[in-house]
Amino acid sequence: MTYDVIIAGSSFAGLAVASQLRGRILLIDPKPIGAGQTSACGTLLGVPQRLGLMDSVLQVHPFLAFHTSTETERYEVREQHFCTFDYRRFCEGMAEATVGDMVRGSVQGVEGNEVITDRGRFRGEILVDASGWRAVLANSVRPGYATRTGMSYGIETVAPRKGEGLCFWYDPDLIPEGVAWFFPAGQASRIGVASYAGDGHLRPHLDLFLDSLGLAKAKIHGGYFPWSFRAPTVGKLFVVGDAAGQCLPLTGEGIRPAIHFGQVCGRIIQQVLEGTASLQQGLDEYRAFVRRHRGLYRLLGLLQWLLMRGPVGLVHRLVALTCREPLRSFILRGYVAFADPARLTPLQRKARVDAEPLPLVA
Ligand SMILES: Cc1cc2nc3c(=O)[nH]c(=O)nc-3n(C[C@H](O)[C@H](O)[C@H](O)COP(=O)(O)OP(=O)(O)OC[C@H]3O[C@@H](n4cnc5c(N)ncnc54)[C@H](O)[C@@H]3O)c2cc1C
């Protein structure tokens, strides 16, 4: 079977690419759309607003709270609120804006223009890897592309406790070289821990954190999220989202980058399909676009390193300074501008979501 574009992975990155395409498109993923939540699903409110996905929003957050071992600081985000959303609703909304076929299957590799899956082989003129940290296609073209170095590992659970604001803990007694979080999402909260060093043994730390909040553990989800930039193109492949290491260091924010880079990637591929650019020009343009964002990754990478290795006193001081003017508004402006939701293309959803609106907490 031959397609114009084949996309491995149908989460944030894959759906963002697909949403910008017309033609014969194939998305391949072992899980149904919206079934494989790994994330706490916190992002800038501007993202679902701009995409027309407000029906997925569970709670709006006007501030972040940073806890260190001794202090708590409040970081106001009144200019650009954050939100937590429902993963399934969000992805289904994005899928409503895509044309093409979806195959439930697992991509195993690529040979020339053929994608090898457990459901057979599919031929595509253009191939996109949006398969998350394992980067299955890119890794098959360039073995060693997806290594476990430069990745955080995180797990979280859900507890029936309400709250306000997105709350982060930087406390080595709770989680060394990492972060713990409490993200209220309507009637419940997502509570997790992550190791910037990629330590996969986090259950005792999650238990400790939950104990400190007087909460019990329920079902756990999570996984790796890369924080070191990987090549955005490999041979003739476009690589997007976590597959390309586009999750931000320090904050672990990967949804907005995956959609930001995914939409641009999709628009560039559409130009190739329309014949206004060659495939090589498309690959070059996408690579150059992604690389223009390197500055923030480097800066956040440095701050993450400081948080892991720096003296506790310095970390406290930095957190406190970040929350006060003039640094607070300066940082927020730069952080938003890196992938400004206002620059996202609103989605053209074909189907109306007929589900009941979610009970939003503001
Ligand atoms: C515990 C945790 C909490 C997080 N919290 C946040 C948060 O609050 N906010 C935020 O912005 N970011 C958060 N992140 C990071 C964020 O989840 C990722 O950066 C984001 O999901 C990247 O999107 P993606 O589409 O590139 O990859 P993914 O969301 O990982 O999607 C990859 C897709 O590829 C599919 N796939 C995998 N293997 C194959 C294969 N062989 N063949 C075909 N398809 C395949 C998967 O099923 C999946 O659908 C968190 C991450 C973790 C682990």
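Residues numbered from 1 in each chain as written. Predicted model: local features only at pLDDT ≥ 70, side-chain atom pairs only at ≥ 80, totals over all residues. Heavy atoms only, no water.

(A) Layout of the pattern of salt bridges. Throughout the structure, instances matching the rule amount to 14 salt bridges. With a shortest N-O distance of 2.7 Å, Arg74 and Glu76 are connected by a salt bridge. Arg74 sits in the partly exposed class, given a relative accessible area of 46%. Given a relative accessible area of 24%, Glu76 falls into the partly exposed group. (Salt bridge = Lys/Arg side-chain N within 4 Å of Asp/Glu carboxyl O. Buried < 20%, exposed > 50% of the residue type's maximum accessible area, 1.4 Å probe, protein only.)

(B) Quick peek at the site of the ligand. Around the ligand, a shell composed of 31 residues is seen, among which Ser11, Asp29, Gly42, Val107 and Asp242 lie nearest. With respect to the ligand, the side chain of Ser11 contributes an N or O atom lying 2.9 Å from an oxygen atom. Here a nitrogen atom of the ligand sits 2.8 Å away from a polar atom, N or O, in the main chain of Gly42. Coverage of the ligand by the protein amounts to 91% of the 990 Å² it exposes when considered alone. For the shell around the ligand, the elements supplying multiple residues, two or more each, are helix H1 (12-19), strand E2 (25-29), strand E14 (178-185), strand E16 (221-226) and helix H6 (255-274). Here the residues of the shell around the ligand sort into 15 nonpolar, 13 polar and 3 charged. (Near = heavy atom within 4 Å. Polar contact = N/O pair within 3.5 Å; in protein donor to acceptor, adjacent residues only side chain to side chain. Areas by Shrake-Rupley, 256 points an atom, 1.4 Å probe, with all protein chains shown as cover. Helix = DSSP H or I, 4+ residues; strand = E, 2+ residues; numbered from the N terminus. Nonpolar A, V, L, I, M, F, W, Y, C, P; charged D, E, K, R; others polar.)

(C) Focus on helix H8 (residues 294-309). Taking 1.5 Å of rise per residue, 16 residues should cover 22 Å, and H8 covers 22 Å from first to last C-alpha, within 8% of that figure. Of the residues making up H8, those classed as buried are Leu296, Tyr297, Leu300, Gln304, Leu307 and Met308. Each buried residue of H8 lies within a common arc of 105° when the element is viewed along its axis, so the set occupies one face. In this structure, H8 carries Arg298 and Leu302 as exposed residues pointing more than 90 degrees from its buried face. Contacts from the buried residues of H8 go to strand E13 (166-170), H6, helix H9 (312-322) and helix H10 (327-337). (Expected span 1.5 Å × (residues − 1). Arc of directions from axis to C-beta. Contact = heavy atoms within 4.5 Å.)

(D) Expanded view of the nonpolar core. Ranked by internal contacts, the top residues of the largest apolar core, which has 76 residues, are Ile7, Phe90, Ile259 and Ile269. Formed by 22 residues, the second largest nonpolar core is a distinct cluster that contains Trp133, Met151, Phe209 and Leu213. (Core = buried A, V, L, I, M, F, W, Y, C linked by side-chain atoms within 4.5 Å.)

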